[in-house]
Amino acid sequence: MSLTSDPPLARTSVEPEDYGALKVVPVRHPWRWVAVTVTAVLLAQFVHGLATNSGWEWEVFAEFFTTEVILKAVWVTLQLTFYGTALGFALGIVLAFMRLSASPFLKAVSFAYIWAFRSIPLIVQLLFWFNLAYLYKELEFGIPFGPGFFSFDTMGLVGAMSAAVLGLALHQAAYAAEIVRGGVLSVDSGQLEAAAALGIPRLRQIGRIVLPQAMRSILPNAANEVISLFKGTSIVSVMAIGELFYQVQVIYGRNGRVVPLLMVATAWYILLTTALSVLQYYVERHFAKGSAR
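Structure report, in brief. (Residues numbered from 1 in each chain as written. Predicted model: local features only at pLDDT ≥ 70, side-chain atom pairs only at ≥ 80, totals over all residues. Heavy atoms only, no water.)

Points about the pattern of salt bridges
Rules: Salt bridge criterion: a side-chain nitrogen from Lys or Arg within 4 Å of a carboxyl oxygen from Asp or Glu. Segments assigned H or I by DSSP are reported as helices when at least four residues long, segments assigned E as strands when at least two residues long, and all are numbered from the N terminus. Classification of residues uses two cut-offs on accessible area relative to the type maximum, computed with a 1.4 Å probe and protein chains only: under 20% is buried, over 50% is exposed, and between them is partly exposed.
Scanning the model with the defined rule gives four salt bridges in all. Two residues, glutamate 178 and arginine 99, come together in a salt bridge whose shortest N-O distance is 3.1 Å. With glutamate 178 in helix H8 (residues 160-185) and arginine 99 in helix H3 (residues 68-100), the pair connects residues that are 79 residues apart, well separated along the chain. Look at arginine 99 and you get partly exposed, because its relative accessible area is 22%. Taking the shortest distance from any N to any O, the salt bridge between glutamate 178 and arginine 181 comes out at 3.0 Å. Here the residue glutamate 178 and the residue arginine 181 both occupy positions in helix H8, the gap between them amounting to three residues, near one helical turn. By sharing partners, the salt bridges in this structure join Arg99, Glu178 and Arg181 into a single network.

Next comes the structure, spelled out in C-alpha coordinates:
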(Lines give C-alpha, C1' and ligand atoms only; values in the text may rest on other atoms or scores of the structure.)
Protein backbone atom coordinates (compact mmCIF):
# COMPACT_ATOMS: atom_id res chain seq x y z
CA MET A 1 0.00 0.00 0.00
CA SER A 2 1.50 3.26 -1.07
CA LEU A 3 0.86 6.63 0.51
CA THR A 4 0.26 9.45 -1.90
CA SER A 5 0.51 13.11 -0.98
CA ASP A 6 -1.52 15.93 -2.41
CA PRO A 7 0.20 17.99 -5.04
CA PRO A 8 1.84 21.13 -3.63
CA LEU A 9 -0.18 24.28 -3.89
CA ALA A 10 0.89 26.69 -6.50
CA ARG A 11 2.75 29.61 -5.02
CA THR A 12 1.45 32.96 -6.02
CA SER A 13 3.52 36.08 -5.69
CA VAL A 14 1.74 39.31 -4.88
CA GLU A 15 3.39 42.39 -6.19
CA PRO A 16 3.71 45.08 -3.53
CA GLU A 17 1.43 48.02 -4.09
CA ASP A 18 2.91 51.38 -5.02
CA TYR A 19 1.83 53.44 -2.00
CA GLY A 20 3.32 56.55 -3.48
CA ALA A 21 0.77 56.44 -6.27
CA LEU A 22 -2.16 56.41 -3.84
CA LYS A 23 -4.12 59.64 -3.50
CA VAL A 24 -4.37 60.84 0.11
CA VAL A 25 -7.72 62.45 0.82
CA PRO A 26 -7.87 64.59 4.00
CA VAL A 27 -10.68 64.02 6.45
CA ARG A 28 -13.50 66.45 5.92
CA HIS A 29 -14.70 68.54 8.89
CA PRO A 30 -17.61 70.56 7.52
CA TRP A 31 -19.21 71.30 10.91
CA ARG A 32 -15.91 72.54 12.26
CA TRP A 33 -15.82 75.17 9.52
CA VAL A 34 -19.44 76.07 10.23
CA ALA A 35 -18.56 76.61 13.91
CA VAL A 36 -15.50 78.70 12.97
CA THR A 37 -17.56 80.84 10.61
CA VAL A 38 -20.36 81.46 13.11
CA THR A 39 -17.89 82.29 15.88
CA ALA A 40 -15.95 84.67 13.63
CA VAL A 41 -19.12 86.47 12.58
CA LEU A 42 -20.28 86.89 16.19
CA LEU A 43 -16.83 88.12 17.25
CA ALA A 44 -16.74 90.61 14.38
CA GLN A 45 -20.19 91.90 15.33
CA PHE A 46 -19.11 92.32 18.93
CA VAL A 47 -15.95 94.25 17.97
CA HIS A 48 -17.94 96.36 15.52
CA GLY A 49 -20.42 97.21 18.28
CA LEU A 50 -17.60 98.22 20.61
CA ALA A 51 -16.18 100.53 17.97
CA THR A 52 -19.38 102.11 16.66
CA ASN A 53 -21.85 102.12 19.54
CA SER A 54 -21.76 105.59 21.06
CA GLY A 55 -23.13 104.26 24.34
CA TRP A 56 -19.70 102.96 25.32
CA GLU A 57 -18.40 106.57 25.42
CA TRP A 58 -14.76 105.70 24.87
CA GLU A 59 -13.74 109.34 25.22
CA VAL A 60 -15.02 109.28 28.83
CA PHE A 61 -13.18 105.97 29.35
CA ALA A 62 -9.92 107.52 28.13
CA GLU A 63 -10.46 110.58 30.32
CA PHE A 64 -10.78 108.63 33.58
CA PHE A 65 -8.62 105.56 32.93
CA THR A 66 -5.40 107.09 34.29
CA THR A 67 -6.73 109.84 36.54
CA GLU A 68 -5.08 110.22 39.93
CA VAL A 69 -8.09 109.02 41.89
CA ILE A 70 -8.33 105.83 39.82
CA LEU A 71 -4.60 105.12 40.16
CA LYS A 72 -4.82 105.57 43.93
CA ALA A 73 -7.79 103.20 43.99
CA VAL A 74 -5.82 100.60 42.01
CA TRP A 75 -2.99 100.90 44.54
CA VAL A 76 -5.44 100.32 47.44
CA THR A 77 -6.78 97.25 45.62
CA LEU A 78 -3.25 95.88 45.19
CA GLN A 79 -2.50 96.49 48.87
CA LEU A 80 -5.62 94.63 49.96
CA THR A 81 -4.71 91.75 47.67
CA PHE A 82 -1.10 91.57 48.84
CA TYR A 83 -1.81 91.72 52.58
CA GLY A 84 -4.80 89.40 52.31
CA THR A 85 -2.77 86.86 50.35
CA ALA A 86 0.37 87.03 52.51
CA LEU A 87 -1.42 86.79 55.84
CA GLY A 88 -4.00 84.34 54.54
CA PHE A 89 -1.48 81.85 53.19
CA ALA A 90 0.78 82.21 56.23
CA LEU A 91 -2.12 81.24 58.48
CA GLY A 92 -3.31 78.67 55.94
CA ILE A 93 0.02 76.81 56.07
CA VAL A 94 -0.26 76.59 59.86
CA LEU A 95 -3.85 75.34 59.63
CA ALA A 96 -2.89 72.78 56.97
CA PHE A 97 -0.18 71.22 59.11
CA MET A 98 -2.51 71.27 62.11
CA ARG A 99 -4.95 69.12 60.11
CA LEU A 100 -2.09 66.83 59.09
CA SER A 101 -0.77 66.46 62.64
CA ALA A 102 -1.30 63.40 64.81
CA SER A 103 -3.02 65.46 67.51
CA PRO A 104 -6.83 65.03 67.50
CA PHE A 105 -7.20 68.40 69.25
CA LEU A 106 -5.19 70.32 66.62
CA LYS A 107 -7.06 68.50 63.86
CA ALA A 108 -10.41 69.43 65.39
CA VAL A 109 -9.46 73.10 65.85
CA SER A 110 -8.19 73.38 62.27
CA PHE A 111 -11.25 71.62 60.85
CA ALA A 112 -13.60 73.86 62.87
CA TYR A 113 -11.84 77.00 61.63
CA ILE A 114 -11.97 75.92 57.99
CA TRP A 115 -15.60 74.85 58.32
CA ALA A 116 -16.65 78.14 59.95
CA PHE A 117 -14.85 80.56 57.64
CA ARG A 118 -15.89 78.72 54.49
CA SER A 119 -19.51 78.70 55.67
CA ILE A 120 -19.88 82.39 56.56
CA PRO A 121 -20.16 84.76 53.55
CA LEU A 122 -17.21 87.11 53.15
CA ILE A 123 -19.36 90.23 53.34
CA VAL A 124 -20.68 89.12 56.75
CA GLN A 125 -17.14 88.56 58.01
CA LEU A 126 -16.02 91.98 56.80
CA LEU A 127 -18.94 93.75 58.47
CA PHE A 128 -18.32 91.80 61.67
CA TRP A 129 -14.69 92.90 61.91
CA PHE A 130 -15.68 96.43 60.92
CA ASN A 131 -18.06 96.53 63.91
CA LEU A 132 -15.73 94.77 66.35
CA ALA A 133 -15.72 97.81 68.64
CA TYR A 134 -19.42 97.24 69.27
CA LEU A 135 -18.55 93.97 71.08
CA TYR A 136 -15.18 94.85 72.58
CA LYS A 137 -14.39 98.44 73.56
CA GLU A 138 -10.75 97.55 74.14
CA LEU A 139 -8.38 94.63 73.73
CA GLU A 140 -6.34 93.76 76.83
CA PHE A 141 -3.17 91.66 76.90
CA GLY A 142 -1.93 89.93 80.01
CA ILE A 143 -2.25 86.68 81.95
CA PRO A 144 -5.23 84.58 80.71
CA PHE A 145 -8.15 84.93 83.15
CA GLY A 146 -5.87 87.15 85.25
CA PRO A 147 -4.63 90.74 85.37
CA GLY A 148 -3.87 92.60 82.15
CA PHE A 149 -0.64 94.43 81.43
CA PHE A 150 -1.69 96.80 78.64
CA SER A 151 -4.71 97.42 76.43
CA PHE A 152 -5.69 98.99 73.11
CA ASP A 153 -8.72 100.96 72.14
CA THR A 154 -10.56 98.80 69.59
CA MET A 155 -12.07 101.75 67.79
CA GLY A 156 -8.65 103.23 67.08
CA LEU A 157 -6.93 99.87 66.49
CA VAL A 158 -9.31 98.29 63.97
CA GLY A 159 -10.20 100.84 61.33
CA ALA A 160 -11.85 100.24 57.98
CA MET A 161 -8.64 99.24 56.20
CA SER A 162 -7.48 97.01 59.07
CA ALA A 163 -10.87 95.32 59.26
CA ALA A 164 -10.81 94.71 55.50
CA VAL A 165 -7.33 93.15 55.58
CA LEU A 166 -8.24 91.07 58.63
CA GLY A 167 -11.46 89.82 57.08
CA LEU A 168 -9.87 89.01 53.72
CA ALA A 169 -6.89 87.26 55.32
CA LEU A 170 -8.93 85.11 57.71
CA HIS A 171 -11.32 84.18 54.91
CA GLN A 172 -8.44 83.37 52.56
CA ALA A 173 -6.70 81.25 55.20
CA ALA A 174 -9.53 78.69 55.22
CA TYR A 175 -9.18 78.05 51.49
CA ALA A 176 -5.38 78.27 51.54
CA ALA A 177 -5.25 75.59 54.24
CA GLU A 178 -7.06 73.08 52.04
CA ILE A 179 -4.90 73.96 49.03
CA VAL A 180 -1.68 73.45 51.00
CA ARG A 181 -2.99 70.26 52.62
CA GLY A 182 -3.86 68.81 49.22
CA GLY A 183 -0.41 69.68 47.88
CA VAL A 184 1.37 68.07 50.83
CA LEU A 185 -0.72 64.90 50.50
CA SER A 186 0.29 64.66 46.83
CA VAL A 187 3.93 64.04 47.84
CA ASP A 188 4.85 60.38 48.17
CA SER A 189 5.08 59.48 51.86
CA GLY A 190 8.00 57.16 51.11
CA GLN A 191 10.22 60.19 50.60
CA LEU A 192 9.57 61.32 54.15
CA GLU A 193 10.33 57.85 55.43
CA ALA A 194 13.62 57.85 53.52
CA ALA A 195 14.47 61.32 54.86
CA ALA A 196 13.69 60.21 58.41
CA ALA A 197 15.89 57.14 57.95
CA LEU A 198 18.75 59.44 56.94
CA GLY A 199 18.29 61.45 60.13
CA ILE A 200 17.10 64.66 58.45
CA PRO A 201 15.26 66.89 60.97
CA ARG A 202 11.49 67.19 60.60
CA LEU A 203 11.46 70.90 59.73
CA ARG A 204 14.13 70.40 57.09
CA GLN A 205 12.12 67.51 55.62
CA ILE A 206 9.14 69.84 55.23
CA GLY A 207 11.12 72.83 53.93
CA ARG A 208 13.54 71.05 51.59
CA ILE A 209 11.67 67.92 50.49
CA VAL A 210 7.91 68.23 50.93
CA LEU A 211 7.09 71.85 50.07
CA PRO A 212 9.23 72.13 46.87
CA GLN A 213 7.41 69.11 45.43
CA ALA A 214 4.02 70.12 46.82
CA MET A 215 4.32 73.53 45.16
CA ARG A 216 3.63 71.91 41.79
CA SER A 217 0.16 71.00 43.02
CA ILE A 218 -0.32 74.07 45.20
CA LEU A 219 0.55 76.81 42.71
CA PRO A 220 -2.29 76.46 40.16
CA ASN A 221 -4.98 76.46 42.84
CA ALA A 222 -3.22 79.13 44.88
CA ALA A 223 -2.95 81.40 41.84
CA ASN A 224 -6.68 80.99 41.22
CA GLU A 225 -7.36 81.99 44.82
CA VAL A 226 -5.12 85.06 44.56
CA ILE A 227 -6.87 86.18 41.37
CA SER A 228 -10.26 85.57 42.98
CA LEU A 229 -9.19 87.59 46.02
CA PHE A 230 -7.95 90.40 43.76
CA LYS A 231 -11.35 90.65 42.12
CA GLY A 232 -13.12 89.97 45.41
CA THR A 233 -11.62 93.07 47.02
CA SER A 234 -14.47 94.96 45.34
CA ILE A 235 -16.71 93.67 48.14
CA VAL A 236 -14.99 95.97 50.65
CA SER A 237 -16.82 98.84 48.96
CA VAL A 238 -19.56 98.21 51.53
CA MET A 239 -17.10 99.59 54.10
CA ALA A 240 -16.50 102.79 52.07
CA ILE A 241 -12.86 101.92 51.43
CA GLY A 242 -11.47 103.71 48.39
CA GLU A 243 -10.57 100.68 46.31
CA LEU A 244 -11.11 100.52 42.55
CA PHE A 245 -14.78 99.57 42.36
CA TYR A 246 -15.79 101.96 45.13
CA GLN A 247 -14.11 104.92 43.44
CA VAL A 248 -15.70 104.03 40.12
CA GLN A 249 -19.09 103.99 41.83
CA VAL A 250 -18.41 107.39 43.39
CA ILE A 251 -17.44 108.92 40.04
CA TYR A 252 -20.37 107.60 38.03
CA GLY A 253 -22.67 108.54 40.89
CA ARG A 254 -21.64 112.13 40.27
CA ASN A 255 -21.51 112.33 36.47
CA GLY A 256 -23.95 109.56 35.49
CA ARG A 257 -21.49 107.92 33.06
CA VAL A 258 -22.08 104.38 34.33
CA VAL A 259 -20.96 102.27 31.36
CA PRO A 260 -17.59 103.95 30.57
CA LEU A 261 -16.67 104.03 34.27
CA LEU A 262 -17.50 100.35 34.65
CA MET A 263 -15.27 99.72 31.63
CA VAL A 264 -12.46 101.59 33.43
CA ALA A 265 -12.73 99.15 36.34
CA THR A 266 -13.05 96.20 33.96
CA ALA A 267 -9.93 97.19 32.00
CA TRP A 268 -7.85 97.54 35.17
CA TYR A 269 -9.05 94.19 36.51
CA ILE A 270 -8.18 92.53 33.19
CA LEU A 271 -4.72 94.14 33.03
CA LEU A 272 -3.75 93.22 36.57
CA THR A 273 -5.22 89.73 36.35
CA THR A 274 -3.19 89.19 33.17
CA ALA A 275 -0.04 90.31 35.01
CA LEU A 276 -0.78 87.86 37.83
CA SER A 277 -1.33 85.08 35.29
CA VAL A 278 2.04 85.79 33.66
CA LEU A 279 3.72 85.76 37.07
CA GLN A 280 1.99 82.44 37.82
CA TYR A 281 3.39 80.95 34.60
CA TYR A 282 7.00 81.78 35.48
CA VAL A 283 6.68 80.66 39.09
CA GLU A 284 5.15 77.35 37.99
CA ARG A 285 7.93 76.89 35.44
CA HIS A 286 10.51 77.45 38.17
CA PHE A 287 9.06 74.76 40.44
CA ALA A 288 8.50 72.38 37.53
CA LYS A 289 12.25 72.00 36.91
CA GLY A 290 13.25 68.38 36.78
CA SER A 291 9.71 67.06 36.40
CA ALA A 292 8.16 65.55 33.30
CA ARG A 293 5.20 67.47 31.91
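Now, onward.
Re the side chain of threonine 77
The condition is simple: Here a polar contact means two N or O atoms within 3.5 Å. Within protein one must be a hydrogen donor candidate and the other an acceptor candidate, and residues neighboring in sequence count only if both atoms are side-chain atoms. By definition in these notes, contact holds between two residues if any of their heavy atoms fall within 4.5 Å.
As for its placement among the helices and strands, threonine 77 is situated in helix H3. Looking at threonine 77, its side chain comes within polar contact range of the main-chain nitrogen of leucine 244, at 3.1 Å. If near-sequence neighbours (up to four positions away) are discounted, threonine 77 is found in contact with Phe230, Thr233, Glu243 and Leu244.

Thoughts on the nonpolar core
Selection criterion: Here, nonpolar core refers to any group of buried Ala, Val, Leu, Ile, Met, Phe, Trp, Tyr and Cys residues whose side-chain atoms link them within 4.5 Å.
Counting 24 residues, the largest nonpolar core has Leu80, Tyr113, Leu168 and Val236 as its most contacted members. Counting residues per element, the ones that place at least two in this core are H3, helix H4 (104-119), helix H5 (122-130) and H8. At eight residues, the largest contribution of residues to this core is made by H8. Residue contacts for valine 236: discarding those within four places in its chain leaves Leu80, Leu126, Ala164, Leu168, Ile241 and Glu243.

Brief notes about the layout of surface pockets
Selection criterion: Put simply, the grid is 1 Å and covers the protein atoms alone, a cavity is a trapped set of points that fit a 1.4 Å probe, a pocket is an open set with protein on both sides within 12 Å along at least five of seven lines, and lining residues have an atom within 4 Å of a point. Grid points are joined across faces, edges and corners, and a volume is the space filled by probe spheres set on the points. All residues other than Ala, Val, Leu, Ile, Met, Phe, Trp, Tyr, Cys, Pro, Asp, Glu, Lys and Arg, Gly among them, are scored as polar; the first ten of these are nonpolar and the last four charged.
Of the voids in this model, the largest pocket is the one considered here, and its volume is about 570 Å³. As for the largest pocket, its lining consists of 24 residues, of which Thr85, Ala222, Ala223, Val226 and Leu279 are closest to the centre. Of all the elements in the fold, those that place two or more residues in the lining of the largest pocket are H3, helix H10 (202-232) and helix H12 (258-287). Residue composition of the lining of the largest pocket, by class: 20 nonpolar, four polar and no charged.

Overview of the packing of aromatic side chains
Applied cut-off: The rule is short: rings of Phe, Tyr and Trp, with Trp giving its six-membered ring, pair when the centres are within 6.5 Å, and they are stacked under 30 degrees, edge-to-face over 60, tilted in between.
Inspection of every chain in the model, using the stated rule, returns nine aromatic pairs. When the ring of tryptophan 58 is compared with that of phenylalanine 61, the centres are 5.4 Å apart and the planes differ by 80 degrees; the resulting orientation is edge-to-face. Pair noted here: tryptophan 58 and phenylalanine 61 are both in helix H2 (residues 58-64), with a separation of three residues, about one helical turn. According to the relative accessible area criterion, tryptophan 58 is partly exposed, its value standing at 31%. Residue classification places phenylalanine 61 among the buried positions, given a relative accessible area of 16%. Their ring planes at 25 degrees and their centres at 4.3 Å tell us that tyrosine 113 and phenylalanine 117 sit as a pair that is stacked. Of this pair, tyrosine 113 and phenylalanine 117 both sit in helix H4, separated by four residues, roughly a single helical turn. Under the relative-accessibility criterion, tyrosine 113 is labelled buried at 16%.

Structural notes on the packing of H4 against H8
The condition is simple: For every element, the axis is a line fit to its C-alpha atoms; helices are fit only across the contacting stretch, and the angle between N-to-C directions ranges from 0 to 180 degrees. In what follows, roughly perpendicular refers to angles from 65 to 115 degrees, roughly parallel to angles under 35, roughly antiparallel to angles over 145, and oblique to any angle outside these ranges. For a crossing to be left-handed, the near helix must be turned anticlockwise from the far one by less than a right angle; the clockwise case is right-handed.
As a packed pair, H4 and H8 sit with axes 9 Å apart at the nearest point and diverge in direction by 125 degrees. The orientation of H4 with respect to H8, classified from their angle, is oblique. Note on packing geometry: the crossing formed by H4 with H8 is left-handed. For the pair H4 and H8, the contacting residues are Tyr113, Ile114, Phe117 and Arg118 in the first and Leu170, His171, Ala173, Ala174, Tyr175, Ala177 and Glu178 in the second. When the residues that make up the contact of H4 with H8 are grouped by side-chain class, the tally is eight nonpolar, one polar and two charged.

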